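Chain and residue survey
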Amino acid sequence: AAKFHPGKPIVFAISANTPPEFKGAVRDGILYWNRVFGREIMRAVDAPATIQPPDFNLNVVQWISWDDANMAYADAQSDPRTGEILHAQVYMPSIFAVKSKEGLRQLLTRGGLSGAKPAARAGLTTGLEMGGFSTTSMCSLDIRSFSAAAAPAAESMLAPTITEAQLLKAAQDNVRATVAHEIGHTLGLRHNFAGSLGGTLPRGEID
């Protein structure tokens with residue numbers, strides 16, 4: 001199993017283009033895992049403006065200004081001899097940070113929830129590959145399935161009584177949860193389908 005070295009701190013750098021109003025949420029998503037470990041093993045720093053993942057020296061949470069994306073995703077490069085993850089990256093598109101009622105309406109009604117996956121963006125590198133090895137993402141968190149499960153709650157946020165400040169807080173919470181989700185994959189974890197919003201198991205049967 002691929003995993004980080006357990007005796008070293010795991011440092012993730014937050015890309016310089018992350019909007020100021022979401023940088024704290026990204027940081028919280030990274031540091032969330034310290035609560036799980038019960039000790040400080042995760043650290044969050046600001047990435048230099050010149051850094052774009054994959055980077056040989058940094059783990060990076062890369063903000064992508066992409067309002068038509070359908071997913072956030074993570075991948076990593078590991079030592080093929082030992083499985084030690086040497087560096088990892090999370091790609092965080094802006095679609096998960098909808099902070100206006102108009103943007104929320106578009107998310108709930110646009111064709112992006114109908115099934116088509118977006119093509120990769122030009123100039124965006126998602127991984128490196130060695131001869132004889134294949135690459136794949138550790139996770140693709142699909143905004144369509146998330147939105148379908150959360151649609152009733154999202155629709156309630158279109159009420160006239162909901163303020164823009166409340167919408168921004170909800171967007172920040174969504175970014176926190178999404179970053180924490182993707183960081184979990186870079187730590188070697190896979191999906192707990194029973195705990196998913198899309199799960200069909202009755203609550204009493206979830207162990």
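Look a little higher up for the structure.
Residues numbered from 1 in each chain as written. Predicted model: local features only at pLDDT ≥ 70, side-chain atom pairs only at ≥ 80, totals over all residues. Heavy atoms only, no water.

1. A closer look at the packing of aromatic side chains
Applying the stated rule across the entire model yields 4 aromatic pairs. With centroids separated by 6.5 Å and ring planes inclined at 75°, the aromatic side chains of Phe-4 and Phe-12 adopt a geometry described as edge-to-face. (Phe/Tyr/Trp six-rings, centres within 6.5 Å; stacked < 30°, edge-to-face > 60°.)

2. Observations regarding unusual backbone geometry
Here Pro-53 and Pro-54 are connected by a cis peptide whose omega angle stands at -5°. Its place among the elements puts Pro-54 in the loop between strand 2 (42–46) and strand 3 (59–64). (Helix = DSSP H or I, 4+ residues; strand = E, 2+ residues; numbered from the N terminus.)

3. Considerations on helix 1 (residues 20–37)
Along helix 1, the sharpest change in direction is near 30° and occurs at Gly-29. Turning to helix 1, its buried residues are Phe-22, Ala-25, Val-26, Gly-29, Ile-30, Trp-33 and Asn-34. Directly after helix 1, the chain includes Gly-38, whose backbone phi takes a positive value near 75°. (Bend = angle between axes of the 7 residues up to and from the residue. Buried < 20%, exposed > 50% of the residue type's maximum accessible area, 1.4 Å probe, protein only.)

4. Points about the pairing of strand 3
Among the 6 residues that make up strand 3, 6 are buried, leaving the element largely enclosed by the rest of the structure. Of the two faces of strand 3, the one carrying Asn-59, Val-61 and Trp-63 and the one carrying Val-60, Gln-62 and Ile-64 are both buried. With 3 bridges joining them, strand 1 (residues 10–14) and strand 3 adopt parallel strand pairing. Within strand 3, the position partnered with Phe-12 by the bridge is Asn-59. (Pairing = 2+ DSSP bridges.)

5. Here's the deal with the pairing of strand 1
When you tally the buried positions in strand 1, you get 4 out of 5 residues, the bulk of the element. As judged from the 5 bridges shared by strand 1 and strand 2, these two strands associate in the parallel manner. Bridging across to strand 2, Ala-13 finds its partner in Val-45. With helix 1 bridging strand 1 and its parallel neighbour strand 2, the resulting β-α-β unit is right-handed. (Right-handed = clockwise from strand over helix to strand, strands pointing away.)

6. Let's talk about the pattern of salt bridges
Side chains that differ in charge, positive against negative, can pair when their charged atoms come close. Per the stated rule, a full pass over the model turns up 7 salt bridges. Through salt bridges that share partners, Asp-28, Lys-169, Asp-173 and Arg-176 make up one connected network. (Salt bridge = Lys/Arg side-chain N within 4 Å of Asp/Glu carboxyl O.)

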